[in-house]
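Spelled out, the chains give:
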Number of protein chains: 2
Amino acid sequence: MTKYETVANSLADRINNHEFNETKKIPTEDQLMEEYNVSRNTVRNAIKILTKLGLLYPVQGSGMFIRESRKCDTVFLSGTRGITKDHPGNKLTNKCLSVEIVEADDNLAQIMLCEIGTPIYYIERLRIVDDIPYAIEYTYYNKNIIPYLDKEIIESSIFRYIKEDLKIPFGFSDKYISARKLTDQESQLLELEKNDPAIIIEDDIYLTNGTLFNSSQIVYNYKLAHFFMTVE
Amino acid sequence: MTKYETVANSLADRINNHEFNETKKIPTEDQLMEEYNVSRNTVRNAIKILTKLGLLYPVQGSGMFIRESRKCDTVFLSGTRGITKDHPGNKLTNKCLSVEIVEADDNLAQIMLCEIGTPIYYIERLRIVDDIPYAIEYTYYNKNIIPYLDKEIIESSIFRYIKEDLKIPFGFSDKYISARKLTDQESQLLELEKNDPAIIIEDDIYLTNGTLFNSSQIVYNYKLAHFFMTVE
DNA sequence: TAGTGGTCTAGACCACTTT
DNA sequence: AAGTGGTCTAGACCACTAG
């Protein structure tokens, strides 16, 4: 853990504990340099993290202000944290609908940015929050990077497995957001009506070296899924 | 314009002109310090901008790599640039459906984060791209901040008016993304069917001092509107 | 081992807000 | 005028990649 991450975590805790409720501001950069005994650059790196999380906003000449908390029950889009962390206190289950290994054809090779013939896992999951169907996920994994997956992993947390067991370094991700009608089959799985709306997020996740290892299309239950992000 | 913005703009141009097509990398930080005669911090600030725009990704120990360009015809979500810049080369028109000034009641005061009784503009617009209905926009503006709006401004570009004529300093914005069914009226305006899907973005825009001045709900034509963002 | 991005420090001046 | 965040410089060492 870097120094600026330590400072950011500490400040986040202090904000959540309402330590700055009176002023609605965190201490000045000079004060934080003093308190944590770090340089200004380190303080600013820490603050940048909290700003990106939507916890703070800067007013030049005045201070770093604590933001009113966002609407409840929204999933934070600007972070690849996994669905689990976005639903604290809820019961999360996954039902594996299908697992297969395919060789990338022309089309799939283009999606996965890989050579034709590359072995690819194709997985369909139904994600359930508190016993209510929440989303259907169609995912391709490059098997050269994720060599093994089974039903048990798929039904617990693929995200945790990749991050903690395989220790694969996530780099960045692209998200494409759109809406369409549910298919007949999807509506049954989500316990909605055929042709009901669905919000679709395609999530392409890259390693730190820029290799794509995961392309998901996630079909969300429009009655439950709401997303949040903060810009600038 | 700051130095790092100048460097970022120059690099963006050079990337778009395919100057680095062979290596797929921009010059190293040391080389950029030399080329632009600036400090490392300035170079890194410039690079951060381009990374946030999804133009580059870093590989520690190796370099800053140029990203494959994203899918076409997607609107970039992580920037408040206005719809105009997201549709270069397309004909954009706005049809003003309704303008009124209301006093914030309890409910509206909560949405606009203002005092009860504050005068608020309420505007409905139909946004049209190349003669096809693209989105319906329901917007509240705090009249204390935007004192005057008329049909002409509304049908050209409110965004440009606020930014260039009023010179109001945008700070940050929150976006809430969801989907729902179109109402009867909305489906007629968008030339779609009743109960067709719609992707909804609520966009709350704040001044640099943290004051909310604009809360929009935008109902997009699901056949046309696709959004893109990049994370981390 | 050399090259390159990531973290960290120390210090200066500028732009803006507040008093 | 004093306080606070924004920009900028110079220099050091660490972590990771690649030849």
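Residues numbered from 1 in each chain as written. Chains lettered and ligands numbered in written order. Predicted model: local features only at pLDDT ≥ 70, side-chain atom pairs only at ≥ 80, totals over all residues. Heavy atoms only, no water.

As annotated in an unreviewed UniProt entry, chain A is GntR family transcriptional regulator of bglA from Longibaculum muris.

Participant: Can you help me understand the overall build of chain A in this one?
Facilitator: Counting its regular elements, chain A contains eight helices and ten strands. Taking the principal axes of its C-alpha atoms as reference, chain A extends roughly 55 × 40 × 30 Å. Residues classed as buried in chain A amount to 51% of the 232 residues present. Roughly 12,100 Å² of accessible area belongs to chain A as shown, and the carbon and sulfur atoms make up 47% of that amount. Each charge sign in chain A was given a centre, from 27 positive and 35 negative side chains, and these centres are 5 Å apart. (Helix = DSSP H or I, 4+ residues; strand = E, 2+ residues; numbered from the N terminus. Buried < 20%, exposed > 50% of the residue type's maximum accessible area, 1.4 Å probe, protein only. Areas by Shrake-Rupley, 256 points an atom, 1.4 Å probe, with all protein chains shown as cover. Lys, Arg positive; Asp, Glu negative; His and termini not counted. Charge placed at Lys NZ, Arg CZ, Asp CG, Glu CD.)

Participant: What's the story with the protein's contact with DNA strand C in this structure? I'm lost.
Facilitator: Not every one of the 22 residues close to DNA strand C is listed here, only the nearest: A:K3, A:Y4, A:S39, A:T42 and B:R40. Here DNA strand C approaches the protein such that, of its atoms within 4 Å, sugar and phosphate make up 65%. Between DNA strand C and B:G61, the relevant distance is 2.8 Å, taken from a base nitrogen to a main-chain nitrogen or oxygen of the residue. Of all the secondary structure elements, the ones that give two or more residues to the surface near DNA strand C are α1 (3-16) and α3 (40-52) of chain A together with α3 (40-52), β1 (56-59) and β2 (63-66) of chain B. Per-element tally for the surface near DNA strand C: the top contributor is α3(A), with three residues. Each residue belonging to the surface near DNA strand C can be placed in one class, and the counts come to five nonpolar, twelve polar and five charged. (Near = heavy atom within 4 Å. Polar contact = N/O pair within 3.5 Å; in protein donor to acceptor, adjacent residues only side chain to side chain. Nonpolar A, V, L, I, M, F, W, Y, C, P; charged D, E, K, R; others polar.)

Participant: How should I be thinking about α3(A) in this particular structure?
Facilitator: Residue and element names in this part refer to chain A. For α3, spanning 13 residues, the distance from its first C-alpha to its last is 18 Å, which sits close to the expected 18 Å at 1.5 Å a residue. Within α3, burial applies to T42, V43, A46, I47, L50 and T51. Buried residues along α3 sit in contact with α1, α2 (29-36), β1 (56-59), β2 (63-66) and β10 (227-231). (Expected span 1.5 Å × (residues − 1). Contact = heavy atoms within 4.5 Å.)

Participant: Just to check I follow, could you spell out the layout of surface pockets for this structure?
Facilitator: Unoccupied space between atoms shows up once a probe the size of one water molecule is rolled over them. By volume, the second largest pocket amounts to about 660 Å³. Around the second largest pocket sit 28 residues that line it, and B:Q110, B:I111, B:L113, B:D204 and B:L212 are the ones nearest its centre. Of all the secondary-structure elements, those providing two or more residues to the lining of the second largest pocket are β1 and β2 of chain A together with α5 (106-111), β6 (132-142), β7 (170-181), β8 (197-207) and β9 (212-221) of chain B. The element that contributes the greatest number of residues to the lining of the second largest pocket is β9(B), accounting for four residues. Here the residues of the lining of the second largest pocket are counted per class, giving 13 nonpolar, seven polar and eight charged. (1 Å grid on protein atoms, 1.4 Å probe; cavity = no way out; pocket = protein on both sides within 12 Å on 5 of 7 lines; lining within 4 Å. Points joined across faces, edges and corners; volume = space filled by probe spheres on them.)

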